[in-house]
Every structure is written in structure tokens, then in C-alpha cells.
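# Structural overview for review
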Amino acid sequence: MRILIVEDEAAVARQIASALTEAGHDPKAVHDGEAALDEVSNTPFDLIVLDIILPGMDGFDVLRHLRSQHMASRVLMLTARGEMKERVTGLQLGADDYLPKPFAMRELVARVNALGRRYPEQPVLNLRVGDLTLDLATHDVHRGARRIELSPRELMLLKVLMREPGRVFTRTELCERVWEHAHEYDTKLVEVFIGRLRKKIGNPPLIHTVRHVGYTIARGPTVETSRPQSRP
Ligand code: CA
């Protein structure tokens, strides 16, 4: 992937770049927000690793600008550890994932690769399953004309499901993708949030339970392949 690194600490930027190069990516580093916006207006990047604290315009400003220009690069934000507010702001502004500083390079590479696997095609600005839509730029969710208010966590969960309709996610997988430290949470939490989402989304149901496996979002009946089709 072509990756833009936006990080003002030159040594950290260099380390990230060399770790990503080693992992087979094509990174380029810049040291402030203005330079980042210049770069993305010239060439598209598949992914942007974006630090929040930058001289001049900060990472949130950069993200706001990217999303207002409908630039669809995936964004991995580097946040301060424990700063829940920063993470929530970043996600609300349209970041795809975040990594608290300090982090191990191995973890950064893993997150980058996961984002690459997660959306193999060109990212889209709207997700749609049946009459349910999620606008990735504004994070507005609608069922038909009805607007649905979601908490940031509910939104993240829905986003994960809607990125890959029909794919069955295990509870553990959802837990890892939506909650940072999966081990701190019981997968029961996933069930609770799925329940809330279902309630908010309403009928006919779109989120389906696939027995002994997990959950999937799809319009119409579930994708359980073992069940014989009774109708054409
Ligand atoms: Ca910084």
C-alpha cells in the first residue's frame, strides 16, 4: 500500500517508514499537516498514519479537511494512551482505527495490514445494506428516511459489519475490532451491543445470528449455507 506518515518527530517517522518498508509497503513521511494535505492533493494514498499532536494544524484538522474533501484514504490515528476523548473525536471525524502511543512497531504494522485486509477495494463513502445506509464522511445512519442515533461504539460495530455484508464475524473478532483490548471484555459485551443495534435498526431485521459462529449483516434471510433453499 502507498502510505503517508504524518508525524513531526523525525526519528519516530523514520522508524515507522522503515518498519512499513520492511513489511512491503511504500511509505512517505511528512512532518506537518500542511505538507500532508499537499501530498494527498497530488497523489492518492491507500492509508494515512496520522499523529494528532503536530505543529500548526493538528491531526484532527487534517482529518476534518480530508473528509470534507471526500478523500477516502483510510486513516490510522496515533493517539495519546488513555485519551478516550481523542479516540472518540478521531473516530467521529472518520478515522478508521487508532493506535495509542507509545506503541511497538510490530503492532503498528499489524494494524496497517489489518486495515489493508479489511477493505481490499477502493474505500467507498457510503455503506448500504438494503435500506440501511451509513455515510462514512458524516457518520449519519439512516433506515430509509428514518435517522438512527448511535453511540460511537455502536457506530464502530455497525461499520465493521456493513463493510463486509454477508461475511460472518465471530464474537471474538468483533470484540477485537471494536474494543481495543479484547481480553478486558467478555464477548457477552458484543451480544449486548448487537442487541442495541438491532433494536435501533428495527424491522425487518438486518443483523442475523449465525448459530455457533457469530453475526452477519445482510438484507433478507441469513447466509447459512447448510440450510437447504426451499424457494428459488
Ligand atoms: Ca507529534
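Residues numbered from 1 in each chain as written. Predicted model: local features only at pLDDT ≥ 70, side-chain atom pairs only at ≥ 80, totals over all residues. Heavy atoms only, no water.

### Thoughts on the pattern of salt bridges
The test is simple: Here, a salt bridge means any Lys or Arg side-chain nitrogen found within 4 Å of an Asp or Glu carboxyl oxygen. Numbering of helices and strands runs from the N terminus, with a helix taken as a DSSP run of H or I at least four residues long and a strand as a DSSP run of E at least two residues long. A 1.4 Å probe rolled over the protein chains alone gives each residue an accessible area, and that area as a share of the maximum for its type sets the label: buried under 20%, exposed over 50%, partly exposed in between.
Within this structure, the stated rule accounts for 20 salt bridges. Here D26 and R2 are joined by a salt bridge, their closest N and O atoms 3.3 Å apart. With D26 in strand β2 (residues 26–30) and R2 in strand β1 (residues 2–6), this pair connects stretches of sequence that are 24 residues apart. Overall, the relative accessible area of 29% leaves R2 in the partly exposed class. Its salt-bridge partner being R171, residue E191 comes within 3.1 Å of it at the nearest N-O pair. Separated by 20 residues along the polypeptide, E191 in helix α8 (residues 188–201) and R171 in helix α7 (residues 171–178) bring together distant segments of the chain. Judged by relative accessible area, E191 falls into the partly exposed class, the value being 30%.

### What to know about the environment of M71
Applicable threshold: By the convention used here, residues are in contact when the closest approach between their heavy atoms is within 4.5 Å.
Here M71 shows up in the loop between α3 (59–68) and β4 (74–80). Using a relative accessible area of 23% as the deciding quantity, one classes M71 as partly exposed. Separated by 27 residues in the primary sequence, M71 and P44 place their C-alpha atoms 8.5 Å from one another. Setting aside its immediate chain neighbours within four residues, M71 contacts V40 and L66.

### A word on unusual backbone geometry
Between K101 and the following residue, P102, the backbone shows a cis peptide bond with an omega angle of -5 degrees. Along the chain, P102 turns up in the loop between β5 (97–101) and α5 (105–118). With an omega dihedral of -5 degrees, the bond running from N203 to P204 counts as a cis peptide bond. In this fold, P204 is placed in the loop between α8 and β11 (207–210). Positioned with a positive phi, H139 is a non-glycine residue whose angle comes to about 65 degrees. Summarising the element assignment, H139 is placed in the loop between β7 (132–135) and β8 (141–143).

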